Amino acid sequence: MSENESLGARKVGTARDVATDPSVNTTGSARGALTSGALPVHAEDVGVFLERLAVSSTDGMSEEEARRRLAEHGPNRLPDPPKKSALLKLIQQFANPLVLTLLAAAVIAVVVGITAGHEESFLSRFGDAIAILLIVILNAFLGYYQEQRAEAALEALQKLSAPNARVRREGRSVIIAAETVVPGDILELEAGDAVAADARLVQTIDLATEEAALTGESAAAGKDALAVVTADAPLGDRLTMVFTGTSVVRGKARAVVTSTGPKTELGKIGEMIRSVEEQKTPLEERLDKFGSIILKVCLALSVVLLGWGLLRGGRPLHELLLEAVSLAVAAIPEGLPAITTITLALGMQRMARRGAIVRKLPAVETLGAATIIASDKTGTLTQNEMTVRKVFAGGRRYIVTGEGYDPSGEIQDDQGKDVADTLPAPLSYLMATVALCNNAHLEQSEEKRWVVVGDPTEGALLTLSAKGHLPRESVAPSHSFVHELPFDSDRKRMTVITRDDRGREIAHVKGSIDTLLPRCVKYSTDTGVRALEEADRVAITEEANALSAKALRVLAVCRRVQVSKDEADVERELTFLGLVAMMDPPRAGVTEAVATCKKAGVRAVMITGDHRLTATAIAQEIGLWEEGDETISGAELAAMDDAELAKRIMSLRVFARTTAEQKLRIVRAFKARGHVVAMTGDGVNDAPALREAHIGVAMGRGGTDVARQAADLVLADDNFATIVDAVREGRTIYRNIQKFIFFLLSSNMGLLVAVFFVSFFGKWPPLTPLMILWINLVTNGLPALALGIDPPDPHLMREGPRSPDEGLLQARDYLGIAYVGGVMGLCAILLYGMSPQDEQSLLGARALAFSLLALSPLFHAWSCRSPRLSLFSSRPLISLPLLLSVLASAAIHLVALLVPALRPVFRTYELSPDEWMILLGLAVLIIPAVEIAKFVYRRLYPAAPTELSGPPSLPAGSAAKAPRA
Ligand code: ATP
């Protein structure tokens with residue numbers, strides 16, 4: 001359906017709109033050369049430009065032509081920044097202190113091999129060195145593979161939030177991927193849009209763009225399709241052009257794309273295209289620090305051991321060195337960084353599948369700590385599917401029947417009679433006004449369902465005027481478009497000026513009652529227009545309040561005849577026509593999501609542009625509102641100073657009629673109370689608040705490009721429930737990272753205890769470096785990975801959020817690590833001590849200790865699923881990934897133990913059935929040991945600490961206000 005045929009068609013034709021002049025508008029596509037005029041396009045007269053191109057800004061290009069041009073010009077994207085080569089990435093895996101320590105161990109092992117007796121086989125002399133090297137290489141490949149996977153996951157996510165562009169194709173306005181925009185396309189731009197390509201403006205209404213990316217100038221630059229620009233004007237002065245990489249801050253425009261991709265001005269600035277700085281998340285930074293502390297502790301212990309060995313004397317230096325390195329290797333959790341990266345990446349993929357696309361990696365962990373979710377109302381908590389239910393005009397009430405955007409329905413008076421064919425004057429003016437002051441279109445989908453293209457509020461108004469038998473098609477022919485003062489959430493109103501058949505310019509105005517009623521001086525009644533009395537104002541306000549209290553969204557409709565678009569303020573001395581009240585039901589699942597927030601100790605608040613009564617009524621309907629909560633309006637907020645706001649912020653639940661600037665104040669007030677704030681936003685003006693919030697959340701469907709670019713998280717479905725899902729996922733990821741860190745460190749502690757004490761007091765180290773590495777990287781690695789994807793703990797959303805200052809591990813965990821390490825280490829020492837201390841028995845003792853320290857963690861992993869609950873109360877009881885990983889690790893270990901060819905390498909021997917029994921008995925022992933410790937802990941601390949406290953830095957009293965389970 002072409003624009004002119006669609007139900008919402010609009011007749012445009014203006015001095016600033018040469019593009020639609022029929023004399024210029026001859027073909028359906030842009031055929032001419034875009035740059036072959038005598039002058040550069042920015043200096044060319046717009047009429048000449050369009051004539052040369054033979055372009056239609058109404059119809060745009062055919063899809064076929066667009067495909068042809070895409071093949072010819074290539075995709076509209078800047079060349080990818082240079083990527084690190086695979087080889088370089090692989091080499092970088094070695095450049096970390098842990099790996100370097102391992103390489104040092106390998107060198108020492110070679111020296112030991114060379115100096116060992118020549119009667120021994122090559123494998124038994126150099127087996128250690130070879131195996132260490134193999135493990136280091138394997139580790140590097142594993143790290144590389146995981147990094148690649150994480151990168152691929154991130155890239156895929158970035159594609160999900162890739163920008164779109166609105167263009168005209170085959171007579172329709174369509175949204176396409178910005179990458180597929182081609183030269184000659186007609187871009188339709190409005191406030192909040194990112195400009196997808198360099199383009200020559202052909203129609204502008206009060207347009208301004210922000211061009212900092214290109215010119216460094218961050219102030220908005222006004223643009224005008226008809227401006228006279230010299231051929232040599234610098235970029236910043238080309239008022240007739242818009243450029244890739246800039247965004248629209250105000251107004252509307254149509255523009256013909258002149259160049260795409262690398263040929264754009266942005267593409268030409270080579271140095272702009274540098275690789276994105278690799279940014280480490282706070283978690284990764286913390287892990288790095290953690291790793292280096294562990295390394296230092298280990299090195300210190302190794303030096304102690306070496307010094308002690310030298311003091312005792314009687315053993316060659318290389319052996320002592322090897323022993324010291326083994327110790328270092330024993331304690332360092334080599335797999336930690338790689339497992340963390342992959343856990344984060346997989347978590348982000350899971351979030352994306354649920355519609356929460358993470359744009360900035362640190363958001364994943366911050367989400368888990370969120371204590372406030374400040375959400376928009378319309379579209380996020382409600383469906384943004386508007387249906388007009390009631391109209392108030394000329395002092396009378398009307399009920400509107402029908403569903404959705406379907407134009408069939410009646411407008412009934414208080415007798416229940418349809419008045420569509422006998423509309424009283426105020427009502428008919430109202431119908432015409434809402435039809436003209438409107439940019440939406442209604443279309444019938446293939447399933448014959450009426451859908452709105454554009455703003456749902458305006459769609460509902462088109463349906464209303466159709467029900468009143470005054471559809472836009474019947475009104476528009478007698479009005480030609482003159483000018484528009486676009487809607488914006490801060491102004492809360494919109495005006496369209498048209499010229500009617502009699503040559504009068506008329507302003508058609510609609511917007512919030514509080515901004516418009518004070519601007520009204522006349523009142524349209526059934527008997528004619530008269531002055532608006534004070535009593536009328538009171539009656540209208542009461543009517544609006546009564547409608548709002550029913551959760552209806554109320555718009556005032558006004559007009560003024562005989563205006564001039566050049567007046568400083570057109571929206572004054574208006575005639576009040578009536579009120580339109582529309583319903584926007586809550587989204588499915590929102591009530592449940594709000595309840596989940598409450599249980600999870602996350603305070604959900606509503607920040608909306610809508611009326612306080614409407615907003616409060618919706619808040620009550622979805623269970624957001626609690627006894628003692630307050631609603632504050634933008635005006636009240638403006639009158640309040642920061643100190644007072646800080647005092648009251650925790651009792652404010654609904655912020656109504658707010659401006660974007662006030663959103664910023666609200667975020668800051670919550671932050672000052674120590675809260676971690678997630679805030680939604682969709683408009684251009686929301687960008688600063690989105691940046692200020694810990695987690696800026698933008699809308700994938702309804703929001704603007706500018707908001708999306710400022711956000712950390714984009715909601716594919718614009719749904720509040722998705723934010724709550726993302727919080728759950730954020731908590732799960734953080735918890736899982738804690739689980740595997742605890743697992744790796746506690747298991748390593750077992751190794752450390754065994755190696756340190758036996759080396760210190762015994763004659764030979766209990767394990768060879770190779771055995772230690774084997775346990776550390778091979779048998780422990782798989783269960784750690786599985787813990788990283790452990791299913792979410794069912795209690796997770798019944799506990800309060802973790803404190804943002806909380807370290808990765810708490811005092812409880814450090815105690816746990818020492819305890820588990822003590823139990824595992826002692827069991828190994830016991831096995832080792834049971835064997836006679838001669839060289840003959842050494843092999844047997846080592847094989848036993850080796851197997852114990854490899855198998856015991858496979859049982860212990862199950863206990864790591866919860867720091868306080870019994871492993872038997874974990875849900876699901878059996879985690880399949882963990883089960884598979886444990887079985888795989890056990891099988892791998894048995895290979896090392898049982899394959900005769902590997903015996904010289906691992907220096908093991910075949911265990912007898914009795915030894916197996918003892919070994920398994922001691923390995924399982926870790927489960928009851930940890931169960932007892934958890935039982936004692938639960939007795940000492942009946943509730944998890946997170947359930948007891950809010951954010952630690954909150955002043956007394958504020959945490960108690962946050963809802964708790
Ligand atoms: P939220 O901020 O939660 O999304 P909202 O959609 O009501 O809620 P805005 O879009 O900022 O917030 O709208 C603020 C007010 O402006 C509305 O309550 C309404 O009175 C008025 N309004 C909304 N849309 C239009 C429009 N298209 N034309 C004129 N006025 C409008």
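Residues numbered from 1 in each chain as written. Predicted model: local features only at pLDDT ≥ 70, side-chain atom pairs only at ≥ 80, totals over all residues. Heavy atoms only, no water.

The name recorded for the chain in an unreviewed UniProt entry is ATPase, from Chondromyces crocatus. What UniProt states about the chain under its Subcellular location (unreviewed entry) heading is, verbatim, "Membrane". (UniProt positions renumbered as here; feature names shortened; annotations may be inferred.)

Asker: Quick one: what's the story with the overall build of the chain, residue by residue and with numbers?
Answerer: When you go through the chain residue by residue, the secondary structure sums to 34 helices and 27 strands. Within the chain, buried positions represent 56% of all 965 residues. When contacts within the chain are restricted to residue pairs at least 6 apart in sequence, those whose partners lie at least 24 apart make up 72%. When the accessible area of the chain is evaluated, it comes to approximately 39500 Å², of which 60% is carbon and sulfur surface. (Helix = DSSP H or I, 4+ residues; strand = E, 2+ residues; numbered from the N terminus. Buried < 20%, exposed > 50% of the residue type's maximum accessible area, 1.4 Å probe, protein only. Contact = heavy atoms within 4.5 Å. Areas by Shrake-Rupley, 256 points an atom, 1.4 Å probe, with all protein chains shown as cover.)

Asker: Lay out the site of the ligand in plain terms, naming residues and giving numbers.
Answerer: Taken together, 20 residues form the shell around the ligand, and within it Lys377, Asp455, Glu458, Arg553 and Thr608 come nearest. Thr378 is positioned such that a nitrogen or oxygen atom in its side chain is 2.9 Å from an oxygen atom of the ligand. Ser512 is positioned such that a nitrogen or oxygen atom in its backbone is 3.5 Å from an oxygen atom of the ligand. Relative to its free-state accessible area of 600 Å², the ligand is covered by the protein chains to the extent of 93%. Mapped onto the shell around the ligand, the elements with two or more residues apiece are β17 (505-511) and β20 (553-561). Among the elements that take part in the shell around the ligand, β20 stands out by supplying three residues, more than any other. Of the residues that constitute the shell around the ligand, the class distribution is five nonpolar, six polar and nine charged. (Near = heavy atom within 4 Å. Polar contact = N/O pair within 3.5 Å; in protein donor to acceptor, adjacent residues only side chain to side chain. Nonpolar A, V, L, I, M, F, W, Y, C, P; charged D, E, K, R; others polar.)

Asker: Tell me what's going on with the packing of aromatic side chains, and back it up with residues and numbers.
Answerer: All chains considered together, the criterion is met by three aromatic pairs. Measuring from ring centre to ring centre gives 5.8 Å for Tyr523 and Phe576, while their planes differ by 55°; the resulting arrangement is tilted. In this pair, Tyr523 is assigned in strand β18 (residues 520-525) and Phe576 in strand β21 (residues 574-583), connecting sequence segments 53 residues apart. Phe576 shares its class with Tyr523; the two are buried. Their ring planes at 90° and their centres at 5.7 Å tell us that Phe756 and Phe757 sit as a pair that is edge-to-face. Here Phe756 falls in the buried class, since its relative accessible area comes to 16%. Look at Phe757 and you get partly exposed, because its relative accessible area is 39%. Seen from the ring of Tyr734, Arg802 lies directly overhead, with NZ or CZ sitting 3.4 Å from the centre. (Phe/Tyr/Trp six-rings, centres within 6.5 Å; stacked < 30°, edge-to-face > 60°. Lys NZ or Arg CZ within 6 Å of the ring centre and 35° of its normal.)

Asker: Can you explain the environment of Glu170? Please cite residues and give values.
Answerer: With respect to the element layout, Glu170 can be found in the loop between β1 (164-169) and β2 (172-177). Once you skip the residues sitting within four places of it in the chain, Glu170 turns out to touch Asp59, Gly60, Met61, Ser62 and Glu63.

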